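# Observations on chain architecture
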Amino acid sequence: DAKTTQPDSMESTEGETVHLPCSHATISGNEYIYWYRQVPLQGPEYVTHGLQQNTTNSMAFLAIASDRKSSTLILPHVSLRDAAVYHCILRATGGNNKLTFGQGTVLSVIP
Amino acid sequence: AQTIHQWPVAEIKAVGSPLSLGCTIKGKSSPNLYWYWQATGGTLQQLFYSITVGQVESVVQLNLSASRPKDDQFILSTEKLLLSHSGFYLCAWSLQGPGEQYFGPGTRLTVL
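Residues numbered from 1 in each chain as written. Chains lettered and ligands numbered in written order. Predicted model: local features only at pLDDT ≥ 70, side-chain atom pairs only at ≥ 80, totals over all residues. Heavy atoms only, no water.

### A word on the side chain of Arg37(A)
By the element assignment, Arg37(A) lies in strand E3 (residues 31–38). At 3.0 Å, the side chain of Arg37(A) forms a polar contact with the side chain of Tyr86(A). (Helix = DSSP H or I, 4+ residues; strand = E, 2+ residues; numbered from the N terminus. Polar contact = N/O pair within 3.5 Å; in protein donor to acceptor, adjacent residues only side chain to side chain.)

### Section: the packing of aromatic side chains
In this description, a pair of aromatic rings is defined by centroid distance and the angle of the planes. Evaluated as defined, the whole model comprises 12 aromatic pairs over all chains. An angle of 85 degrees between the planes, with centres 6.0 Å apart, marks the rings of Tyr36(A) and Phe103(B) as edge-to-face. With one member in each of two chains, Tyr36(A) in strand E3 and Phe103(B) in strand E10 (residues 102–103) form a pair that bridges those chains. According to the relative accessible area criterion, Phe103(B) is buried, its value standing at 11%. Note on Tyr36(B) and Phe103(B): the rings are 5.2 Å apart at their centroids and 55 degrees apart in plane angle, and the pair reads as tilted. Here the residue Tyr36(B) occupies a position in strand E4 (residues 32–38), and Phe103(B) occupies one in strand E10, the gap between them amounting to 67 residues. Here Tyr36(B) matches Phe103(B) in class, with each residue buried. Three or more aromatic residues joined by ring pairs make a cluster, and in this case those are Tyr32(A), Tyr34(A), Tyr36(A), Tyr46(A), Phe101(A), Tyr36(B), Trp93(B), Tyr102(B) and Phe103(B). (Phe/Tyr/Trp six-rings, centres within 6.5 Å; stacked < 30°, edge-to-face > 60°. Buried < 20%, exposed > 50% of the residue type's maximum accessible area, 1.4 Å probe, protein only.)

### A short note on the sheet that holds strand E4 (residues 45–50) of chain A
All names here are of chain A. Taking strand neighbours across the sheet as the criterion, the 5 strands line up as E1-E9-E8-E3-E4 in an open arrangement whose pairing is mixed. The open sheet terminates on both sides in strands that have one partner only, identified here as strand E1 (9–13) and E4. Strand-to-strand twist of the sheet, defined as the mean angle between neighbouring strand axes without regard to direction, takes the value 25 degrees. Sheet topology places E3 next to E4; 5 bridges connect them, and they run antiparallel. (Pairing = 2+ DSSP bridges. Axes fitted to C-alpha atoms, helices over the stretch in contact; angles between N-to-C directions.)

### What about the confidence of the model for chain A?
Close reading of the predicted structure is inappropriate where its pLDDT is low. Chain-level statistics for chain A give a pLDDT mean of 92 and a share of 95% at 70 or above. Within chain A, the lowest mean pLDDT, 92, falls on strand E8 (residues 84–92) of chain A, and the highest, 98, falls on strand E6 (residues 61–64) of chain A. (pLDDT = per-residue confidence, 0-100.)

### As for the sheet that holds strand E7 (residues 70–75) of chain A
Residue and element names in this part refer to chain A. If you walk across this open sheet you meet the 4 strands as E2-E7-E6-E5, and the pairing is antiparallel. Edge strands, defined here as strands with exactly one partner in the open sheet, are strand E2 (18–23) and strand E5 (55–56). Sheet topology places E6 next to E7; 4 bridges connect them, and they run antiparallel. Residue pairing in the sheet places Phe61 in a bridge with Ile74 of E7.

### Quick word on unusual backbone geometry
Here the amide bond leading from Trp7(B) into Pro8(B) is cis, since omega sits at -5 degrees, within 30 degrees of zero. With respect to the helices and strands, Pro8(B) occurs in the loop between strand E1 (3–7) and strand E2 (10–13). Phi is positive for Leu41(A), close to 65 degrees, though the residue is something other than glycine. Relative to the elements of secondary structure, Leu41(A) occurs in the loop between E3 and E4.

### Some points on the interface of chain B and chain A
In this assembly, 21 residues from chain B lie in contact with 17 residues from chain A. Counting each side, the surface lost to burial between chain B and chain A is near 1600 Å², with a carbon and sulfur contribution of 54%. The interface formed by chain B and chain A holds 0 salt bridges in total. For the pair chain B and chain A, the number of links is 2 residue pairs in polar contact (both at pLDDT 80 or more). Mapped onto the side of chain B that touches chain A, the elements with two or more residues apiece are E4, strand E5 (44–52) and strand E9 (87–94) of chain B. (Contact = heavy atoms within 4.5 Å. Buried area = accessible area lost by both parts, 1.4 Å probe. Salt bridge = Lys/Arg side-chain N within 4 Å of Asp/Glu carboxyl O.)

In structure tokens:
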């Protein structure tokens, strides 16, 4: 699976909209972009995923660049509960459904 | 609704002792099952995956083994623990084929 690059950390204030960037310049055509988040001592939580089109669900909006070399996870009106490590992961279809986690972005939310 | 349960919640074991960690998934038939491990301060690594009863594939070699004795059960074990086995063990499931994975609450293992 291709590699992703994320900032080590970001900070936001409660109620703001947060934009978490992810760069994946060598993404392949069959690779999906997945986002998970994890808080200490808990398992990762699925946030969203996409292939080419922007996607939205109750948790977040995923904006995917037209060339697919980057994406941005947008969290509207963040709360303290959104403080976590956010992982941007590429995964190809087929195979062992392996998720390769990196260090991710530590999102801090200030009251 | 699907539920995933892991046991024990936490374990403190001596080097050289055996280990058995368990995971069960309720409310979903024939899921893909996975074991992950995270060292303290480290990144999450996939260890094993299984797509059906009795079949387990190893992804990373850590002197651990896994088995799937039932459709809804996944076991991680070793006969001799090493200090390096300490960390956070997570079980996950997904539907057959590509798709999002859902993680359990995890087991914290300390090897002394």
